[in-house]
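Spelled out, the chains give:
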Amino acid sequence: MKKIAVLTSGGDAPGMNAAIRAVVRTAIYHGIEIVGVKRGYAGLLKKDFTDLKIGSVADIIQRGGTILRTARCDEFFTPEGRESAVNNLKSTGVEGLVAIGGDGTFRGAVEIDKLGLPVVGIPGTIDNDIPCTQWTIGFDTAVNTAVDAINKIRDTATSHERVFVIEVMGRHAGFIALAAGLAGGAESIAIPERDYDINEIVARILRGQKRGKLHSIILVAEGVASALEISQKIHKLTRLDTRVTILGHLQRGGTPTAWDRILASKMGSEAVNLLMQGARKRMVGIQGNKIENFDIQWALNQPHEINMDDYILSGILAI
Ligand code: F6P
């Protein structure tokens, strides 16, 4: 293999830059040329390519976002779009692609591979909702950002003796809500994987009040319901002073944690190794602190469930 390409696609995640750096430097170490594709699959269609050298990825390991930019691209998901994307890569002499992103990115990767260009996927999304990997790049940073916000909100919640409903990201998955809720000591956590019961949430708040608790923190994943709606219900049932904070895209930015940088470095390097070994439509994942790889199509059909024991634990600890 003489030349490969790398792209980031879908929602950005802190640590994507560290992954790009690892891909570029591992490729160059092995004497392989490397091309960066701008704006994900949209850049493949426009042939928006840039040569990447050792210096191109200097001073980015600590930066959030992605130097390659990212986009969501509908045109790519037409047969003509996919064909032209692959032709653009092949005509540039590219023999393999590393695609960094979430499940949409992985689905695109499978389509490219089907058209004869080997692809390896790296899971990069704050949602942690990719099967076959315990961690996705960006999840740890997003959780730490959310926990930092909870700590600050707790201060003002205590001073004013208020109930705060905090909404975190995760349309279809409650990984961020559960991890941030457990680490942030939330009274209740509402996740898409489980129906929430407003009476249970209220009962917990009132129980806390009875034993002198000054505040309550309720964590809601965006896919469950709007935080505003939940806070209005709580207010109606308890008459307590209630406020809402939506963390939103704040969770997608910021300097990646050490763990996200290490994960990204290992996964980026392994993706290049796999391409060199002739891998086709594989994804890199981490299981039990070991970097593994799986067929992407197979992986996307595997269950990736939230740890219900952690959910139960959060309830026990917030009694
Ligand atoms: O998939 C990552 C994610 O941040 C989700 O948690 C969130 O629902 C979505 O992206 C937001 O997407 P956008 O950046 O298009 O608003």
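Preceding this paragraph is the structure being described.
Residues numbered from 1 in each chain as written. Predicted model: local features only at pLDDT ≥ 70, side-chain atom pairs only at ≥ 80, totals over all residues. Heavy atoms only, no water.

## A look at unusual backbone geometry
As a reminder, the rule being used: The way it works is that DSSP assigns letters per residue, a run of H or I at least four long becomes a helix, a run of E at least two long becomes a strand, and they are numbered from the N terminus. Whether a residue is buried, partly exposed or exposed follows from its accessible area with a 1.4 Å probe, protein chains only, as a fraction of its type maximum: under 20%, in between, or over 50%, in that order.
Although it is not a glycine, C132 adopts a positive phi angle of roughly 70°. Within the element layout of this structure, C132 appears in the loop between β5 (119-123) and α5 (139-160). If you check the backbone angles, N289 has positive phi at about 65° while not being a glycine. When you line up the elements, N289 lands in the loop between β10 (282-287) and β11 (290-295). Judged by its relative accessible area of 56%, N289 is exposed.

## Considering empty space enclosed by the protein
Stated formally: Definitions used for this entry: grid spacing 1 Å over protein atoms alone; cavity, a set of points where a 1.4 Å probe fits but cannot get out; pocket, an open set with protein on both sides within 12 Å along at least 5 of 7 lines; lining residue, one with an atom within 4 Å of a point. Grid points are joined across faces, edges and corners, and a volume is the space filled by probe spheres set on the points. Three classes are used: nonpolar for Ala, Val, Leu, Ile, Met, Phe, Trp, Tyr, Cys and Pro, charged for Asp, Glu, Lys and Arg, and polar for all others, with Gly counted as polar.
Scanning all chains against the criterion turns up 1 cavity of 30 Å³ or more. A volume near 40 Å³ is recorded for the largest cavity. Lining the largest cavity we find E187, R204, R207, G208, R211, K213, A318 and I319. Its residues placed into classes, the lining of the largest cavity shows 2 nonpolar, 1 polar and 5 charged.

## Side note on the site of the ligand
Which entries qualify depends on this criterion: We call a residue near a molecule or strand as soon as one heavy atom of that residue lies within 4 Å of the molecule or strand. Polar contact is the term for a pair of N or O atoms within 3.5 Å; when the atoms are in protein, one must be able to donate a hydrogen and the other to accept it, and sequence-neighboring residues count only if both atoms are side-chain atoms. Using a 1.4 Å probe, accessible areas were evaluated by the Shrake-Rupley method; residue-level cover was limited to the displayed protein chains.
By nearness alone, every residue bordering the ligand is listed as R72, I126, D127, M169, G170, R171, E222, H249 and R252. One of the side-chain N or O atoms of R171 is found 3.1 Å from an oxygen atom in the ligand. Side-chain polar atom of E222 to an oxygen atom of the ligand: 2.4 Å apart, as the coordinates give it. Notes on the ligand: free accessible area 400 Å², of which the protein chains cover 76%.

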